[in-house]
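# Structural overview
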Amino acid sequence: MDNPEVLKQIYLDANATTPVLSSAAAAAMETMETMFGNPSSSHTSGLQAKQIMDQARCKAIQVLGAGTGQVIFTSGATEGIQTGILSALYAAKAKMKAGQSYSILYGATEHKAVPESLKHWNRILEVNATIKAIPVDVQGKLDMEYIANEVPDALMICTMAVNNETGVYQDLSLLEQTIRTHNSDVYWMVDCVQALGKTHLGLADTTIDYAPFSGHKLYGPKGIGFVYIREGAPFTPFIAGGGQESGLRSGTENLPGLAALNVIFDELLGQGSDVFSSTKVLSELRAQLSTALKTAFPTVVFNHNFDNSVPTTLNFSIPGFTSKEIMDLFDAANMRVSSGSACSSKVTRSFVLDAMGLEPWRSESAIRMSFGPAVTQQQITEACDRIQHCAHALGHSCLVSMDGVTNEREELDGLLQLKVGGSCCWVYADKQSGKAVVIDPLVEVQERLLTILECQKLSLVAAIDTHGHADHTSGRVGLVQAHLSEQACDPLGWPIQCDRIEINKNVFSFIELGEHCLVKVSTPGHTADSISLLLCDKSQLLKEKFVPEFTFCGDLILMGSVGRTNFSTSDAAAMYCSLRNLAKITNKQGVLCPSHDYHNEFVTTFDAEMNRNTLLEQAIEGRISSANFIKAKTSLDLHIDDEQGAEIMCGAFVESCQKVQVSEYDSVALTEHIEQHSDATLIDIREPHEYALNHDQYFSKNVPLTRLANFIAQQHNNMDQELILVCRSGSRSHIAANALARLGFKHVGHLKGGYALSH
Ligand code: PLP
């Protein structure tokens with residue numbers, strides 16, 4: 001279903017960078033072709049080139065209201081930031097008095113370029129001041145009281161005019177008053193990158209010492225920027241050399257960039273072709289987008305107050321969806337937005353929203369939509385339509401309930417894997433009977449589970465934990481309240497009233513799901529209450545050995561490890577027996593579904609684990625005694641927390657990653673390959689809502705990552721087939737290809753760079 005409507009990109013990530021205005025690009029091109037002289041040359045070509053540079057400086061001074069201040073051209077804002085910080089700290093150092101303690105202040109929501117550069121120069125110049133973040137309130141406004149208290153000891157203070165993630169602007173005159181009342185000499189840098197073209201700048205009327213700017217944030221090309229330096233503010237060149245820019249910044253000037261800036265400056269000065277809209281018009285466009293978001297996603301929350309932010313940025317969160325999910329969704333609709341900045345933690349979150357003290361989920365779900373002043377009504381109208389399409393597509397995936405959409409929904413039949421960090425939750429739906437079970441429900445996906453059950457019209461038979469989890473609370477409560485309030489069950493959620501069957505003198509209890517059944521097997525070890533659940537065809541109940549389609553083994557067996565046995569209710573000897581027993585009563589090819597997947601391997605099998613986990617293999621094959629298993633386990637578990645950091649890991653990894661062979665194709669190689677191997681199955685592994693919005697005609701099969709476990713179970717007798725996977729960027733397809741190859745699929749490949757690089 002190629003949808004031509006969504007093929008054209010709508011770019012709403014202007015705060016990251018903007019396209020180059022075509023008139024600016026033309027000016028740059030013309031300069032490259034006809035005015036390529038070096039501005040330092042004294043011949044005619046040089047003089048012509050110099051004129052472009054002089055014009056740019058003159059216009060920049062007007063645009064910034066720089067008065068007698070200087071404007072120096074740089075490679076971008078990051079260089080401008082270095083220039084300001086180096087100049088200020090070098091001068092400050094000369095004034096420092098022995099025995100006195102000094103600080104450097106910066107706003108907590110500042111772009112990373114500022115605190116990182118402060119740390120760098122503080123160390124390099126041996127200033128050794130204490131660097132302090134100025135807190136912000138819930139609206140992102142700087143804490144003036146903190147500044148008033150701290151600024152007397154400060155050598156430098158760095159603030160930003162407009163925040164890049166939220167568009168929140170600071171009251172610069174109040175800030176100035178606060179700073180100067182308490183320290184008239186402190187050097188003050190204001191990062192104005194996101195303010196250019198969006199707020200009035202009259203820099204000469206302020207006591208701001210340094211103000212960096214970047215051309216590519218306002219329709220200029222990358223690689224050109226400028227920095228304002230107040231008259232009289234100290235200056236140390238950041239780049240020395242041939243003496244260009246009056247010796248303040250050496251290096252041959254970026255003339256094409258300057259020519260492009262001239263065009264941008266003309267627009268800002270009202271001397272261009274009026275492509276920039278007024279603040280009033282931009283505010284109306286923002287209102288249209290926010291209305292569209294509220295209509296499409298009624299629970300949306302905006303993470304900033306529109307009253308104190310520029311009209312070109314919207315930052316919002318949709319409850320129940322991570323930033324990554326919404327980015328993938330919008331990207332499938334060919335709409336570019338951005339999430340919070342990725343940091344060292346596994347979850348993408350926004351340090352800006354964290355600093356504002358917003359609830360963690362809002363930071364983890366944050367999406368930024370930003371546009372520039374040259375945006376058109378047509379683009380915003382199209383964006384509003386696509387937002388509605390996106391919500392509709394989520395309805396198709398049963399991730400939001402929408403009246404009238406449920407008939408077009410992607411029907412769930414079999415196993416669904418929902419992951420939160422390293423934890424897994426499983427939903428098994430038997431389409432024929434309309435019955436479902438949820439195993440190891442996670443609180444974070446509780447709402448999603450309820451929506452899926454409702455949208456898929458499934459009746460929940462049980463919600464079961466494979467053990468009492470130490471690392472998270474169970475999400476069973478909400479499910480039980482909504483669906484199972486009448487049912488009596490044990491502490492893990494297993495129904496008290498269930499059928500029982502005796503096989504080989506062992507009695508197993510089971511629950512029915514149409515033609516399937518879920519059999520409970522006690523597998524203590526990780527905890528005393530640990531169970532495994534075997535999902536089998538009902539006919540299996542009459543056999544000697546189970547051949548389960550899926551075994552939900554909790555933390556008994558994890559990918560690359562077995563569950564830890566150093567909790568108070570753990571028992572390594574019991575685990576030894578549980579492993580042997582589970583292997584004995586089931587076949588070894590069935591899919592094992594653990595309650596954790598720390599390394600994106602999705603599921604496993606006894607065969608695959610025994611292949612790489614000697615301890616497990618020895619235990620199951622009886623080549624290690626219980627006593628030696630306990631010894632080995634104890635030493636493995638000893639350093640679990642030290643190895644893996646803050647997250648409670650439920651198993652010690654004997655081997656975290658296994659090298660497997662997957663083929664990587666670029667789009668040309670893939671086309672050639674498909675022509676020669678017409679029997680290859682091409683699979684789009686994005687979620688059904690992304691697939692519904694847009695996919696390549698070659699990739700006519702959709703196996704979402706959340707359904708990969710189901711696909712593996714269906715195809716495990718067909719390991720010789722050729723599978724080629726695709727996703728948006730090549731990252732998910734690579735992960736899935738590795739997982740399939742590890743489980744024994746012999747010919748797996750993926751499209752490197754995904755759809756993004758294939759057009
Ligand atoms: N400051 C702010 C507020 C920004 O948004 C950016 C870019 O994202 C920068 C500084 C750094 O700009 P550049 O990467 O162009 O040097």
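Position labels on residues start from 1 in each chain and follow its written sequence. Totals for whole chains, interfaces and linings use every residue, but because this is a predicted model, local features are given only for residues with pLDDT of at least 70 and side-chain atom pairs only at 80 or more, for both listing and counting. Side-chain descriptors were evaluated using all non-hydrogen atoms of the structure, hydrogens and water having been removed beforehand.

For the chain, the name recorded in an unreviewed UniProt entry is cysteine desulfurase, with Pseudoalteromonas citrea DSM 8771 as its organism. UniProt positions are given in the numbering used here, feature names are shortened, and annotations may be inferred rather than shown by experiment. The chain has a UniProt comment under Catalytic activity (unreviewed entry) that states "(sulfur carrier)-H + L-cysteine = (sulfur carrier)-SH + L-alanine". UniProt, in the comment section headed Sequence similarities (unreviewed entry), describes the chain in these words: "Belongs to the class-V pyridoxal-phosphate-dependent aminotransferase family. NifS/IscS subfamily."

Before going further, it helps to spend a moment on unusual backbone geometry. Of note in the backbone geometry, Asp274 takes a positive phi value of approximately 55° without being a glycine. One non-glycine residue, Lys505, lies in the positive phi region at around 70°. Tracing the sequence through the fold places Lys505 in the loop between strand 18 (499-503) and strand 19 (506-513). Residue classification places Lys505 among the exposed residues on the basis of a relative accessible area of 76%. Starting at the N terminus, helices and strands are each numbered in turn, a helix being any DSSP run of H or I of at least four residues and a strand any DSSP run of E of at least two. In this scheme, a residue with accessible area under 20% of its type's maximum is buried, one over 50% is exposed, and one in between is partly exposed, where area comes from a 1.4 Å probe on protein chains only.

This brings us to the site of the ligand. Proximity is defined per residue: if any heavy atom of the residue lies within 4 Å of a molecule or strand, that residue is considered near it. Taken together, Ala77, Thr78, Ile81, His111, Met160, Asn164, Asp191, Val193, Gln194, Ser214, His216 and Lys217 make up the full set of residues near the ligand. Any pair of N or O atoms that falls within 3.5 Å is considered a polar contact. Within protein, one atom must be able to donate a hydrogen and the other to accept it, and sequence-neighbouring residues count only if both atoms are side-chain atoms. Note that a nitrogen atom of the ligand is positioned 2.5 Å from one of the side-chain N or O atoms of Asp191. Contact with the protein chains removes 84% of the 390 Å² of surface that the ligand exposes when unbound. Under this grouping Gly is polar, as are all residues other than the nonpolar Ala, Val, Leu, Ile, Met, Phe, Trp, Tyr, Cys and Pro and the charged Asp, Glu, Lys and Arg. Along the lines of polarity and charge, the residues of the shell around the ligand split into four nonpolar, six polar and two charged. Here, Shrake-Rupley sampling with a 1.4 Å probe gives the accessible areas, and only protein chains in the shown set may cover a residue.

The next thing to look at is the packing of aromatic side chains. Two rings from Phe, Tyr or Trp (for Trp, the six-membered ring) form a pair when their centres sit within 6.5 Å of each other. Planes less than 30 degrees apart are called stacked, planes more than 60 degrees apart edge-to-face, and all others tilted. In total, this model carries 13 aromatic pairs according to the counting rule given. Summarising the aromatic geometry, the rings of Phe550 and Phe552 are spaced 6.3 Å apart at their centres and angled 35° between planes, so their arrangement reads as tilted. For the pair formed by Phe550 and Phe552, the shared burial category is buried. Seen in terms of ring centroids, Phe699 and Tyr755 are 6.0 Å apart; in terms of plane orientation they differ by 85°. Their pairing is edge-to-face.

Let us look at the pattern of salt bridges. Any two side chains of opposite charge can pair, given that their charged atoms come close. By salt bridge we mean one thing: a side-chain nitrogen of Lys or Arg within 4 Å of a carboxyl oxygen of Asp or Glu. Inspection of every chain in the model, using the stated rule, returns 33 salt bridges. The partner of Arg742 in a salt bridge is Glu601, and the shortest N-O contact between them spans 3.4 Å. One end of the pair, Arg742, is in helix 23 (residues 731-742); the other, Glu601, is in the loop between strand 25 (591-594) and helix 16 (606-612), and 141 residues separate them in sequence. Pair check on accessibility: Arg742 and Glu601 agree, each one buried. Linked through salt bridges whose partners overlap, the residues forming this network are Lys324, Asp328, Asp331, Arg336, Glu690, Arg728 and Arg732.

To continue, consider the pairing of strand 13 (residues 367-370). Because side chains alternate across strand 13, one face comprises the buried residues Ile367 and Met369, and the other comprises Arg368 and Ser370, equally buried. We call two strands paired when DSSP finds no fewer than two bridges between them. Summarising the sheet, strand 10 (residues 313-317) and strand 13 pair through four bridges and their orientation is antiparallel. Among the inter-strand pairings, Asn315 is bridged to a residue of strand 13, identified as Arg368. Taken together, the two bridges between strand 12 (residues 338-339) and strand 13 define a ladder with antiparallel strand orientation. When the bridges of strand 13 are listed, Ser339 appears paired with Ile367.

To continue, consider helix 12 (residues 377-396). To estimate how far a helix should reach, multiply one less than its number of residues by 1.5 Å. With 20 residues, helix 12 extends 29 Å between its outermost C-alpha atoms, agreeing within 8% with the 28 Å of an ideal straight helix rising 1.5 Å per residue. In the stretch just after helix 12, Cys398 is the one whose phi turns positive, near 60°.

Attention shifts here to the pairing of strand 10. Strand residues, when the strand is regular, have side chains that alternate between the two faces of the sheet. Along strand 10, five of the five residues are buried, which leaves the element largely enclosed by surrounding structure. Alternating residues of strand 10 divide into Thr313, Asn315 and Ser317 and Leu314 and Phe316, and every residue in both groups is buried. In this structure, strand 9 (residues 301-302) lies alongside strand 10, joined through two bridges in antiparallel fashion. Bridge pairing in strand 10 links Val301 to Ser317.

Moving on to the UniProt feature "domain: Rhodanese" (unreviewed entry) in the chain. As annotated in UniProt, the feature "domain: Rhodanese" (unreviewed entry) corresponds to residues 676-758 in the numbering used here. Strand forms 19% of residues 676-758 and helix 33%; the C-alpha atoms that close the span are 19 Å apart.

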